[in-house]
2 protein chains.
Amino acid sequence: MTDPIPLPQGFRAAGVSCGIKSDATKPDLSLFVSDRPCAAAAVFTTNRVCGAPVKVSRERVPSAKTRAVVINSGNANACTGQRGIDDARWMTEQVAAHLDCEARDVLVCSTGVIGHFLPRDKLAAGIPQVVERLAATPAAFADAARGIMTTDTFSKQATREATIDGTSVRVSGAAKGAAMIAPNMATMLAVLMTDAEVSPTEADAMLRHAVDRSFHCISVEGHTSTSDTVILMANGAAAGSLSATGRARVQEMLDDVAMDLSMAIIRDAEGADHLVTIDVRGCRNSEEARQIAKTVADSPLVKTAITGADPNWGRIVSAVGYSGIEVREEEISLAINNLPLYKSGAPLDFDKAAVSRSIRDNRDVSIVIDLTHGNASVRFWTCDLTSEYVRLNSEYTT
Amino acid sequence: MTDPIPLPQGFRAAGVSCGIKSDATKPDLSLFVSDRPCAAAAVFTTNRVCGAPVKVSRERVPSAKTRAVVINSGNANACTGQRGIDDARWMTEQVAAHLDCEARDVLVCSTGVIGHFLPRDKLAAGIPQVVERLAATPAAFADAARGIMTTDTFSKQATREATIDGTSVRVSGAAKGAAMIAPNMATMLAVLMTDAEVSPTEADAMLRHAVDRSFHCISVEGHTSTSDTVILMANGAAAGSLSATGRARVQEMLDDVAMDLSMAIIRDAEGADHLVTIDVRGCRNSEEARQIAKTVADSPLVKTAITGADPNWGRIVSAVGYSGIEVREEEISLAINNLPLYKSGAPLDFDKAAVSRSIRDNRDVSIVIDLTHGNASVRFWTCDLTSEYVRLNSEYTT
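These numbers come from a predicted model, not from an experiment.

Calculation criteria
- Residues numbered from 1 in each chain as written.
- Chains lettered and ligands numbered in written order.
- Predicted model: local features only at pLDDT ≥ 70, side-chain atom pairs only at ≥ 80, totals over all residues.
- Heavy atoms only, no water.
- Phe/Tyr/Trp six-rings, centres within 6.5 Å; stacked < 30°, edge-to-face > 60°.
- Lys NZ or Arg CZ within 6 Å of the ring centre and 35° of its normal.
- Contact = heavy atoms within 4.5 Å.
- Salt bridge = Lys/Arg side-chain N within 4 Å of Asp/Glu carboxyl O.
- Polar contact = N/O pair within 3.5 Å; in protein donor to acceptor, adjacent residues only side chain to side chain.
- Helix = DSSP H or I, 4+ residues; strand = E, 2+ residues; numbered from the N terminus.
- Pairing = 2+ DSSP bridges.
- Buried < 20%, exposed > 50% of the residue type's maximum accessible area, 1.4 Å probe, protein only.

Novice: Tell me about the packing of aromatic side chains, and please be specific about residues and values.
Specialist: Residue and element names in this part refer to chain B. Scanning all chains against the criterion turns up two aromatic pairs over all chains. Across from the ring centre of Phe117, 3.9 Å away, lies the NZ or CZ of Arg83, which sits over that ring. The ring of Phe154 carries Lys156 above its face, with NZ or CZ at 4.4 Å from the centroid.

Okay, structure coming up:
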């Protein structure tokens, strides 16, 4: 993530420190702005206890005239009642006043500690500063990406560019989320921007397509955050309306950017020794495949087996069994790092030392689960469970 | 668990070593026998991948003429296909031949490593020995309780006695399950015996009542075993048919014995520093209460907060939020160790140091979650997540 990442046309960004985080060298207030009204869509946490910014932003998408996303880090503004909702709305009003738009054209996210009220005085001073710093440069975009970090050890950006219908089109995004070390619910936020032109309805469908294959396919500990939010803004600055082929190409770029950012989140799992890719194939539909994958991914016994480089297929097969999906053991086959361990319900003879070595010697581990129900599949990512995870998450105090 | 625990009237038990475990000083074959036909019922794992003994025993209950339960440890006979089913049936045939009953009057359980075939030669030699050792003494019952252990650090027995309708009636039980250190799915087995007289239908209802309040209310890591089994045998040796009051009293004793055994399993969590009791109150029904409690109990972020003595109510409230139960944050209140931290959706001012100290200084931690939906409640138990858990579960190799 060291190459400078450009913004799409017509977007500006900035990140500043306004004092919410105790360390003044760390930016904690970011702004992503489109110079013209955007089609915008968003996907939010399914947690019934959600942060105030989720409640406020959820009412404002899909939209045809969104102008900006404002994000603070260091304070999640969650479990803060009506005052929290008022604070979130107030943040968007402050930004809207500077951009000469309506408050409802500004979306808002917050990430950090739960149960504390936002410091309005610091934000009132910070918002003019972050507006002042807005720029279309990669440096400004990088500042904005840093401003949304909490326990992340590196900032996360991604971009794709292609010539579509004769015009250069770009998709860029920034995300935060540090998975296993995240002390407060591992909140995941992402802002995706494109200069392609799509309608709000299209933006919504395209974002859900991308999220289903990326952010919805990573899991670290199964604890759903109160604040997870992924936003897409499409401002049409690059080109007029897209051909069907052009739209499909933008979808691909969007999928790729979302995937890059998801992988960056999983890779930023400080406590983890292994990145685990779980392929579940041969399912009736992708929802069933995802549910099986997530159950395997969230099993502490599977995770610790990977930590210990133990090819303990019994833990994996039994997790498939309690996933809630109708499956018989004769329908299950399993391979780790391309080495078959279990076939149609029966254990295979395999070189245990070789499989164990292949787990121990590689940061990336592959688990492939083959069923016999149909043609649907999913690729899912998680990481292992180490003593370091426990240390980081138990030593943190609110 | 040091006092000798008596068997109910008309029951005998034994435990011997037949060489399935590599350590010959550890018994690995147990038998629980009623001298007369019993009413029997059982509750099994809901995992769709289940051990061969589960498949065989499930077809044999409820029953009016069960005579025995045979259990081996050191090998789970799970994921072993048709040969595993044949082996499980064969075990019951061997026992039945000695007891002069039908194979279907014998139930079978196995616990231990997954994916290996049972050693028939060792069992063929061991079964006559364990029959030979059958006795009605506390010592024989203690041997049988030891014979079902895997990674348990102590054997688990419980008993209750009462005078009912003028006669002394007893309920006794043995269980295994070592929760967090269990390397192979933390299988939980229990055999409950009573000399009260109940019908098979009554036995089934009474067992489910007891299990719903005990074994179904403990969770260590949310990984459902392939082999979990709880069996009740009621032989009527103590008395004739019970009055309604008498039956209610037997239910109470059964509930108490099941609860004692469940608590012993949670307390045998070697890697754990804290036993956590979660009370969920004010729910629409007990299923919803249990689902909320289990979601909180299985959250690694909640567990590590307890490990770190951090009164991080945000992790608990957010786990309630993603439990799948319809709930709004204004309907949630929360206390840890009787200290209120969160009330009707808003954080309370509290002495963080005092709450932290009360967690750190006590092995037992109480979490009370109050909702406003109704009058149903549940009490649930779990333990914290420590580095020691990760070490034990990652160093174990199959």
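Novice: Could you give an account of the interface of chain A and chain B, with specific residues and numbers?
Specialist: If you look at the interface, chain A gives 59 residues, while chain B gives 59 residues. At the junction of chain A and chain B, the tally comes to four salt bridges. A salt bridge links Glu326(A) to Arg48(B); its shortest N-O distance comes to 3.1 Å. Inspection of the chain A/chain B interface yields 12 residue pairs in polar contact (both at pLDDT 80 or more). No other element matches the seven residues that helix H9 (residues 313-321) of chain A contributes to the side of chain A that touches chain B.

Novice: Talk me through the environment of Met149(B); I want residue IDs and the actual numbers.
Specialist: Residue and element names in this part refer to chain B. With respect to the helices and strands, Met149 occurs in the loop between helix H4 (138-147) and strand E5 (156-164). C-alpha of Met149 to C-alpha of Gly112: the two residues are 37 residues apart in sequence and 8.9 Å apart in space. Setting aside anything within four residues of it in sequence, one finds Met149 in contact with Lys21, Ser73, Phe154, Ser155 and Lys176.

Novice: Tell me what's going on with the sheet that holds strand E11 (residues 339-343) of chain A, and back it up with residues and numbers.
Specialist: Residues and elements named next belong to chain A. If you trace the six strands from one edge of the open sheet to the other, you get E12-E11-E10-E13-E9-E14, paired in mixed fashion. Taken across any chain shown, the strands that pair with only one partner, and hence form the sheet edges, are strand E12 (346-347) and strand E14 (376-383). Relative to E14, strand E9 (residues 275-283) runs antiparallel, the two sharing seven bridges. Within the sheet, the bridge partner assigned to Cys283 lies in E14 and is Ala376.

Novice: Please provide a residue-by-residue account of the environment of Phe380(B), values included.
Specialist: Residues and elements named next belong to chain B. Residue placement: Phe380 occurs in strand E14 (residues 376-383). On the basis of relative accessible area, Phe380 is assigned to the buried category, the value being 0%. Spatially, the C-alpha atoms of Phe380 and Met253 are 19 Å apart, while their sequence positions differ by 127 residues. Setting aside anything within four residues of it in sequence, one finds Phe380 in contact with His216, Cys217, Ile218, Ser219, Val276, Thr277, Ile278, Arg290, Ala293, Lys294 and Ala297.

Taken by themselves, the reported measurements are silent on function.
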